[in-house]
Structure formats: structure tokens, C-alpha cells
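# Fold and geometry: a report
Chain by chain, the residues:
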Amino acid sequence: MDREAKNEKEENDREREKGVAAMVACYQGFDPAAYLQYNYMPPRADFDRQDSIVPWKLGCLHRAFTEGDVGGDVLVDVGSGPTLYQVLSGCEVFDTVFLTDFLEVNRQELRRWLQGEGYSSLDWTPYLQHVCKLEGRRPSAWTEKAARLRSVVSDILPIDVHLPRPLHPDSQLPTAGADCLVSCFCLESVSPDLASFNRALGHIRGLLRPGGHLLLIGALGESYYMGGPGVRIPVVPLDEAQVCASVRASGYTLVRLEVYTLPQGMMVGVDDVTGVFFVKARKP
Ligand SMILES: C[S@@+](CC[C@H](N)C(=O)[O-])C[C@H]1O[C@@H](n2cnc3c(N)ncnc32)[C@H](O)[C@@H]1O
Ligand SMILES: O=S(=O)(c1ccc2c(c1)CN[C@@H](CF)C2)N1CCSCC1
């Protein structure tokens, strides 16, 4: 590499590090309880409306985990935040589940749920009951599902998707990698730009074994969201075509893309999301 190219690369690296550092600063004010209230309680989280996002999301995950091609021992949830909905179907398929997040406040929120009912900021019972219904079980089986999830969560780990190795080497992940990754509303919400989003997709690919699956849920058309009172966090605005291009460019085989368009009533001022995507992809 000649001197000019070397200087340009060093400048690009400095710009990249500044962008990531700015995102880290944004997340210092993240408030798990407020985030859960904004997104996972009524009016946004409504199980009764047929066109509600929550049944749609839980349905996508249920189908993806149960249609027969996803399996193995280890499931990793990348950027769990303070939420659990994303592993309510997967916990029946995998015996080892790792929850992960960048912030200790979120890892603490998840640990509180693991301690038992009544310790966490959100009552996940409606979500557990809905997934039981999807599985053809009686809603009262939610206590069994909660116990199953508590039994398979192996650890709650720190993660940084901007690192080539997002998990600490001591994280007890199998050498070959996880059998399945799930990640919801994370990569586009923690990346300063599209190039960073694409790099992060590549970094988490390294957590997955060849033949393993990636289940990705994310925001479409979103440029910001509120991570707490007065905590405005920038988001990389994505459209369907970009999501497909980024998944493929990062070395995954795209199995399917499903898209949900938010009804007007769901626009409640905590973000400017216009839709939600669900991707099922496979690492060749
Ligand atoms: C919008 S929240 C998504 C939470 C949850 N998965 C959901 O579905 O609502 C984004 C999450 O990414 C986490 N995060 C922030 N920076 C990160 C990074 N560099 N690597 C991985 N996760 C990060 C935040 O702490 C936050 O929990
Ligand atoms: O599942 S959602 O589509 C959802 C859930 C979480 C988020 C967003 C959207 C958009 N902003 C994200 C910021 F990263 C977080 N949903 C919004 C409607 S009601 C229930 C929650």
C-alpha cells in the first residue's frame, strides 16, 4: 500500500472510530424501563388487533424456528436489550441460549427476569401466552414456557457488534460457532452509517457455524428512536432492497424476507419507523 493509500485508510479508520464512539455516547442514556414502555406495552403492543405488529413479529419467529430447517444446540441473541420476546419460540428448539447486550443496565434487566416473576420492568406473560397459542398449547402453559426459557439461558454476555469478534473469547461459544443467531432492532440502531451496519452484519456472521441460520428483525425507514426520556438515538434508515443487498453482500444466503407496514395508530412519536422487516438467512 503506497503512502497516500495508507493515509487515506488511516483517515477512514479514524472517522469510523469517531462514528462508533458517538453511538456509544448516545447509549449512555438508554433507559430499559422507558424503552420497554415505549415499544412493548399498549398502545403499541396490542395483541387484540389483527394488524398489530406484535403477533406479526412473534408469528415470523415461530414459523422460522419450527419449519424444520433450524436446529442444533446453541442459539445466540445479538443485542437482546431488555427484551425476551425474540427467544420465546427458539427456547423450545435449543438447549443452550445466550442473551447478549452492550449495556450492563440491559443485562441487569434480563437477569432480574431470570430470577423469577415480578422482578423485571415488564410483565412478559401476554407474550409467553401468545407464543404458547402459536404452538397449539393452552395459554396457561406460559408458566412452563417461562421455566423452559429460564432453564436454557446459559449466560447473559457483553457484546459489541463493531468488533470483528463481537463476544469475549471466554464466552463459552462452541469453536465452530452458534447454530442460530437471532437479532432484533440492533444492527441498524447501533451503527453510525450503512457501511458500519454492513460491517456489523459481517462481524456477527463469524459467530455462526457454516450451515447455521440468522433470523434478523429490524426497522424500515427509521432515522431515530427514543431510548429514554430525552435520549434520541440515530438509526440507519433501511429499505427492503438495502436489507436484501446487505444480507447477501455479508455472505449469507437469503432464505426469505417478510415486511410489515406500521398502521398509522402505531406512529406514537418514540421513533419514525415506517415498517419492520423479518429476514431468515443461512451461512453457507
Ligand atoms: C433498539 S435496542 C433492541 C433491543 C431488543 N433486541 C428489541 O428487539 O427491542 C438496541 C440494542 O442494542 C444494544 N447495543 C448498543 N450498542 C451495541 C453494540 N455496539 N453492539 C451490540 N449491541 C449494542 C443496546 O444496548 C440495545 O439494547
Ligand atoms: O416491534 S415494533 O415494531 C418495534 C420494536 C422495537 C423498536 C421499534 C419497533 C422501532 N424502533 C426500534 C429502535 F431500535 C425499536 N413495535 C412497534 C409497534 S408496537 C410494538 C413494538
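On a predicted model such as this, the values are computed, not experimentally measured, just so you know.

A few words now on the overall build of the chain. Helix and strand counts for the chain come out as nine helices and nine strands. Computed over its C-alpha atoms, the radius of gyration of the chain comes to 18 Å, within 12% of the 19 Å expected for a compact globule of 284 residues. Projected onto its principal axes, the C-alpha positions of the chain cover 65 × 40 × 35 Å. Taken over 284 residues, the chain has a buried fraction of 54%. Pairs at least 24 apart in sequence give 73% of the contacts found in the chain among residues at least 6 apart. Taking the 29 positively charged and 37 negatively charged side chains of the chain as two groups, their mean positions are separated by 3 Å.

In this section: the pairing of strand E9 (residues 275-282). On a regular strand, each side chain points to the face opposite its neighbour's, so the side chains alternate between the two faces of the sheet. Most of E9 is tucked away, with seven of its eight residues classed as buried. One ladder, built from eight bridges, connects strand E5 (residues 208-220) with E9; its direction is antiparallel. Residue Gly-218 lies in a different strand from E9, and its bridge partner there is Phe-277. Sheet topology places strand E8 (residues 253-261) next to E9; eight bridges connect them, and they run antiparallel. Looking across to E9, one finds that Thr-253 is bridged to Arg-282.

Taken together, the neighbourhood of ligand 1 is formed by 22 residues, with Tyr-35, Tyr-40, Tyr-85, Asp-101 and Cys-184 sitting nearest. Taking Tyr-40, its side chain carries an N or O atom lying 2.7 Å from an oxygen atom of ligand 1. Surface burial for ligand 1 is 98%, taken as the share of its 590 Å² of free accessible area covered by protein chains. Per-class residue counts for the shell around ligand 1 are 13 nonpolar, seven polar and two charged.

Bringing helix H9 (residues 240-249) into the picture now. Given 3.6 residues per turn, any residue in an α-helix points the same way as the ones three and four places further on. Residues of H9 that are buried: Val-243, Cys-244, Ser-246 and Val-247. Axial view of H9: buried residues confined to an arc of 165°, hence all on one face. Projecting away from the buried face of H9 at angles above 90 degrees are the exposed residues Ala-241, Arg-248 and Ala-249. Against helix H8 (194-205), E5, E8 and E9 lie the buried residues of H9. Just beyond H9, the residue with positive phi is Gly-251, at close to 95°.

To continue, consider the sheet that holds strand E1 (residues 74-77). The strand order across the open sheet built from seven strands is E3-E2-E1-E4-E5-E9-E8, with neighbouring strands paired in mixed fashion. Since the sheet does not close on itself, it has two edges, and those belong to strand E3 (153-158) and E8, each with one partner. On average, each strand axis in the sheet is tilted by 15° relative to the strand beside it, whichever way the strands run. With respect to the sheet, helix H4 (residues 104-115) is in contact with strand E2 (96-101) and E3, its orientation differing from that of E3 by roughly 165°.

On to the site of ligand 2. In the vicinity of ligand 2 lie 15 residues, with Asn-39, Arg-44, Lys-57, Ser-189 and Glu-222 positioned nearest. Interatomic distance of 2.6 Å between a side-chain N/O atom of Lys-57 and an oxygen atom of ligand 2. For ligand 2, the protein covers 100% of the area, taking 470 Å² as the surface of the free molecule. Counting only elements with at least two residues in the shell around ligand 2, the list comes to helix H2 (32-40) and helix H3 (53-66). The residue inventory of the shell around ligand 2, partitioned by class, reads nine nonpolar, two polar and four charged.

On to the confidence of the model for the chain, then. Mean pLDDT over the chain stands at 95; residues scoring 70 or higher make up 99%. If you check the scores for this complex, the pTM reads 0.96 and the ipTM reads 0.97.

Rules used throughout
- Per chain, the residues get numbers from 1 upward, laid out in the order the sequence is written.
- Note on labels: chains are lettered from A, ligands numbered from 1, in written order.
- Predicted model: local features are reported for residues with pLDDT of at least 70 only, side-chain atom pairs are reported and counted for 80 or more only, and whole-chain, interface and lining totals are derived from all residues.
- With hydrogens and water stripped out, all remaining heavy atoms of the structure feed into the side-chain values.
- Think of it this way: any DSSP run of H or I at least four residues long counts as a helix, any run of E at least two long counts as a strand, and we number them from the N terminus.
- As a reference, a globule follows 2.2 Å times the number of residues to the power 0.38, and the radius of gyration itself is taken over C-alpha atoms.
- Each residue's exposure class comes from its accessible area (1.4 Å probe, protein chains only) as a fraction of the maximum for that residue type: buried when under 20%, exposed when over 50%, partly exposed otherwise.
- In what follows, a contact means two residues having at least one pair of non-hydrogen atoms within 4.5 Å.
- For this count, His and the chain ends are skipped, Lys and Arg are scored as positive, and Asp and Glu as negative.
- One atom stands in for each charge, and that atom is NZ of Lys, CZ of Arg, CG of Asp or CD of Glu.
- Strands pair, by our definition, only if DSSP identifies at least two bridges between them.
- Throughout this document, a residue counts as near a molecule or strand when at least one of its heavy atoms sits within 4 Å of that molecule or strand.
- Whenever a nitrogen or oxygen atom comes within 3.5 Å of another N or O atom, the pair is scored as a polar contact, on the condition that within protein one atom can donate a hydrogen and the other can accept it, and that pairs from neighbouring residues in sequence are kept only if both atoms are in side chains.
- Methods summary: accessible areas were calculated by the Shrake-Rupley approach with a probe of 1.4 Å, and residue burial reflects only the protein chains presented.
- Each residue receives one of three labels: charged for Asp, Glu, Lys and Arg, nonpolar for Ala, Val, Leu, Ile, Met, Phe, Trp, Tyr, Cys and Pro, and polar for the others, Gly being one of them.
- As used here, the arc belongs to the directions running from the helix axis to the C-beta atoms.
- The axes used here are C-alpha line fits, helices contributing only the stretch in contact, and every angle between their N-to-C directions lies in the interval 0 to 180 degrees.
- One confidence number per residue, pLDDT, is output by the predictor and ranges from 0 to 100.

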